[in-house]
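# Observations on chain architecture
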Amino acid sequence: LSTCQTSTKKKQLLKAGKSQEVAAVNGNGNVVNSKSTNETDSGSAKDSLPLTKPKSKGVTTDKNLNGTKSNGKGCKERKKSDILKEKGDIKRKRRKAEEHTEQQPTEPEIWFDDVDPKDIEAAIGPEAAKIARRNLGLETGQSKQSVEQVLVKEKAWEGLTRAVAMDCEMVGVGPKGEDSIVARVSIVNQFGKCVYDKYVKPTEEVTDYRTAVSGIRPENIKTGEDFKTVQKEVADILNGRILVGHALCNDLKVLFLDHPKKKIRDTQRYKPFKQRVKHSRPSLKLLCEKLLNIQVQTSEHCSIQDAQAAMRLYTLEKKKWEAAVKNKPNKSSK
C-alpha cells in the first residue's frame, strides 16, 4: 500500500471505532466496514483486523463507599500511601522490638576503672553502673564496709610505716564557739591501718561540740587523754616520717606542732588533684568522690576514715608525687 492509502485507512479505522464498527481490509486491498456483531462481508476472515476497544473522551469516575468521587489514578495513589504507611508501622514495631531485646552489657565489657559509676549509669545504664561499682568494691548503698575495702588494705602491716596520715576532730571554744581546740587525733599507716587514735581532754570550756560535723560528744572528751601527753606521742610518731593529710595546717595548728615542709603531703594543695577536679581548694569529700569513687563524710566525720582517705589519695599518686618532690628539693610539694 502507498503512504496515501495507509493514512486514509488509519482515518477510516478511527471513524469505525467511534461508530462502534471495525474497519477491515478485504482480499483486494479495499477497506470495508464490518458491524460490531462479529458479522463479516464476503471477504476472507483471515484478512480482517481484530476488533478495537472504543476510546472514552472523558475520565470515568466512580463513587466509593462514602459517596465521594474518585478516578482510577486516585485509587492507586491511596493504595500506594496505605502501603507506605504499613511499611513504616512495621519498621517502627521492628525497631521497638530490637530496642526491647537489646542485651545489657556484660561484666567483661565494663573494663574501665577510672570513670565515675554515675557517669557510666548516665551513658550506658544502671546495669553497667552496677557492674562498675562491684568491680571497684562499692555497693549501691555505699556501706561502711565497702568504703573500708577501698581505703584499707586487708591483711597488711599494722605497724608504723615510712609515711603516715593524720586527721584531727575539733570542737569550738570562746563566746560563739568560733575558736577551735583538738578533741580527737587519729593516725593511720600507709596501708590504712590505724596506729593511733585518742580523744583529748579540753584545755578550755567547750561552747560548741560541733557534733553534726565532728562527731564529738561531751562523754568522749570528758574521759580523754591529757593534751600534753597526746601532743608528745603524736610528735614522736611524726618525727622523721612523711606526713599525709588534708589541710594539714589546721591539724598541726591545734596540736601546736610543726613539721618539715619537705615531708608534708597535703592532698588539698597537690596541683594534679586540683587540676583533675577543677577546684582551687578541693574538699576531701570531693577528691574521694571524683578520684576514688567513694562517698565519705556523708554525716558525722570520723578522723580515722578521713586519715585513711587522705592516705589512699596519696598512694594513688605516690610515685609521681615523690618524683616531683625529688626534682624540686628546695620547694614544698603543692
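See the structure shown above.
Procedures and definitions
- Per-chain numbering applies: the sequence of each chain, read as written, is numbered from 1 onward.
- Totals for whole chains, interfaces and linings use all residues, but because this is a predicted model, local features are given only for residues with pLDDT of at least 70 and pairs of side-chain atoms are given and counted only at 80 or more.
- Excluded from the side-chain calculation are hydrogens and water; included are all heavy atoms of the structure.
- Each reported salt bridge corresponds to a side-chain nitrogen of Lys or Arg within 4 Å of a carboxyl oxygen of Asp or Glu.
- Where helices and strands are cited, they refer to DSSP runs of H or I of at least four residues and of E of at least two residues respectively, numbered from the N terminus.
- Only protein chains enter the accessibility calculation, which uses a 1.4 Å probe; a residue whose area is less than 20% of its type maximum is buried, one above 50% is exposed, and one in between is partly exposed.
- Two strands qualify as a pair provided that DSSP identifies no fewer than 2 bridges between them.
- Patches here: salt-bridge-free residues with over 30% relative accessible area, like charges joined within 9 Å, nonpolar side chains (Val, Leu, Ile, Met, Phe, Trp, Tyr) joined within 5 Å.
- Surface exposure here means Shrake-Rupley accessible area, sampled with a 1.4 Å probe, where a residue is shielded only by the protein chains that are shown.
- The charge count treats Lys and Arg as positive and Asp and Glu as negative. His and the chain ends do not count.
- Working definition for charges: the position is that of NZ of Lys, CZ of Arg, CG of Asp or CD of Glu.
- A fitted line through C-alpha atoms serves as each axis, taken over the contacting stretch for helices, and the angle formed by two N-to-C directions is quoted from 0 to 180°.
- In this scheme, roughly parallel covers angles under 35 degrees and roughly antiparallel covers those over 145, while 65 to 115 is roughly perpendicular and the rest are oblique.
- If you view the pair so one helix is near and one far, a crossing is left-handed when the near helix is turned anticlockwise from the far one by less than a right angle, and right-handed when it is turned clockwise.
- Residues count as neighbours in contact if any of their non-hydrogen atoms are within 4.5 Å of one another.
- Any residue that is not Ala, Val, Leu, Ile, Met, Phe, Trp, Tyr, Cys, Pro, Asp, Glu, Lys or Arg is counted as polar, Gly included; the first ten are nonpolar and the last four charged.
- In this description, a nonpolar core means a group of buried Ala, Val, Leu, Ile, Met, Phe, Trp, Tyr and Cys residues linked to one another through side-chain atoms lying within 4.5 Å.
- Two rings from Phe, Tyr or Trp (for Trp, the six-membered ring) form a pair when their centres sit within 6.5 Å of each other. Planes less than 30 degrees apart are called stacked, planes more than 60 degrees apart edge-to-face, and all others tilted.

Moving on, we get to the pattern of salt bridges. Summed over the entire model, instances satisfying the criterion amount to seven salt bridges. The partner of R276 in a salt bridge is E317, with the nearest N and O atoms 3.4 Å apart. Residue R276 is located in helix α10 (residues 271-277), and its partner E317 is located in the loop between α12 (303-316) and α13 (318-327); the two are separated by 41 residues in the primary sequence. A relative accessible area of 11% means that E317 is categorised as buried.

Moving on, we come to the pairing of strand β6 (residues 179-188). Across the 10 residues that make up β6, a large majority, eight, are buried. As paired elements, strand β5 (residues 163-173) and β6 share nine bridges and run antiparallel to each other. Bridged to M170 within β6 is V182. In this antiparallel pair of consecutive strands, β5 and β6, the connection spans five residues, and G174 shows a positive phi of 95°. Pairing of β6 with strand β7 (residues 194-199), which is carried by five bridges, proceeds in the antiparallel orientation. Within β7, the position partnered with I187 by the bridge is Y196. What sits between β6 and β7 in their antiparallel hairpin is a turn of five residues, with G192 showing a positive phi close to 85°.

Attention now goes to the pairing of β5. When you tally the buried positions in β5, you get 11 out of 11 residues, the bulk of the element. The two faces of β5 match: A163, A165, D167, E169, V171 and V173 on one face and V164, M166, C168, M170 and G172 on the other face are all buried. Across three bridges, β5 lies against strand β9 (residues 242-245) in parallel orientation. Considered in β9, the bridge of A165 is made with V244. Sheet analysis places β5 next to strand β8 (residues 206-208), joined by two bridges and oriented antiparallel. Considered in β8, the bridge of V173 is made with V206.

Taken together, the side chains of K87, K91, R94 and R95 define a basic patch exposed on the protein surface. One can find K87 in helix α2 (residues 72-100).

It is the contact of helix α11 (residues 284-292) with α12, at a shortest axis distance of 11 Å, that shows an interaxial angle of 45°. As the angle between them shows, α11 and α12 are arranged oblique. Crossing angle aside, the handedness with which α11 passes α12 is left-handed. Counted together, L284, L287, C288, L291 and L292 of α11 and D306, A309, A310, R312, L313 and L316 of α12 form the full contact between these two elements. Its residues placed into classes, the contact of α11 with α12 shows nine nonpolar, no polar and two charged.

The next point concerns the nonpolar core. Core analysis: the biggest nonpolar cluster contains 27 residues, and V244, F273, C288, I294, M311, L313 and Y314 have the highest contact counts within it. Take this core: its biggest share by element is seven residues, from α12. Counting residues in each nonpolar core, the second largest holds 20 residues, with V182, V200, V230 and L243 among its members.

Here we come to the packing of aromatic side chains. In total, this model carries five aromatic pairs according to the counting rule given. A centroid spacing of 4.8 Å and a plane angle of 80° characterise the contact between Y270 and F273, whose relative ring orientation is edge-to-face. Assigned by exposure class, Y270 and F273 land together as buried. Relative to W321, the ring of F273 lies with its centre 5.9 Å away and its plane at 85°, an arrangement referred to as edge-to-face. Residue F273 is located in helix α10, and its partner W321 is located in helix α13; the two are separated by 48 residues in the primary sequence. W321 matches F273 in its accessibility class, with the two residues each being buried. Aromatic rings pair up to connect Y270, F273, Y314 and W321 into one cluster.

Below, the discussion takes up the environment of L284. Relative to the elements of secondary structure, L284 occurs in helix α11. Distance in space between the C-alpha atoms of L284 and A307 is 10.0 Å, their sequence separation being 23 residues.

In this section: the packing of α12 against α13. In contact at an axis separation of 5 Å, α12 and α13 are set at 75° when each is read in the N-to-C sense. One way to sum up the angle between α12 and α13 is to call them roughly perpendicular. Contacts between α12 and α13 pair Y314, T315 and L316 from the former with K318, W321 and E322 from the latter. Here the residues of the contact of α12 with α13 are counted per class, giving three nonpolar, one polar and two charged.

Note on placement: A212 falls in helix α6 (residues 211-214). Once residues within four sequence positions are removed from consideration, A212 is found in contact with S299 and E300.

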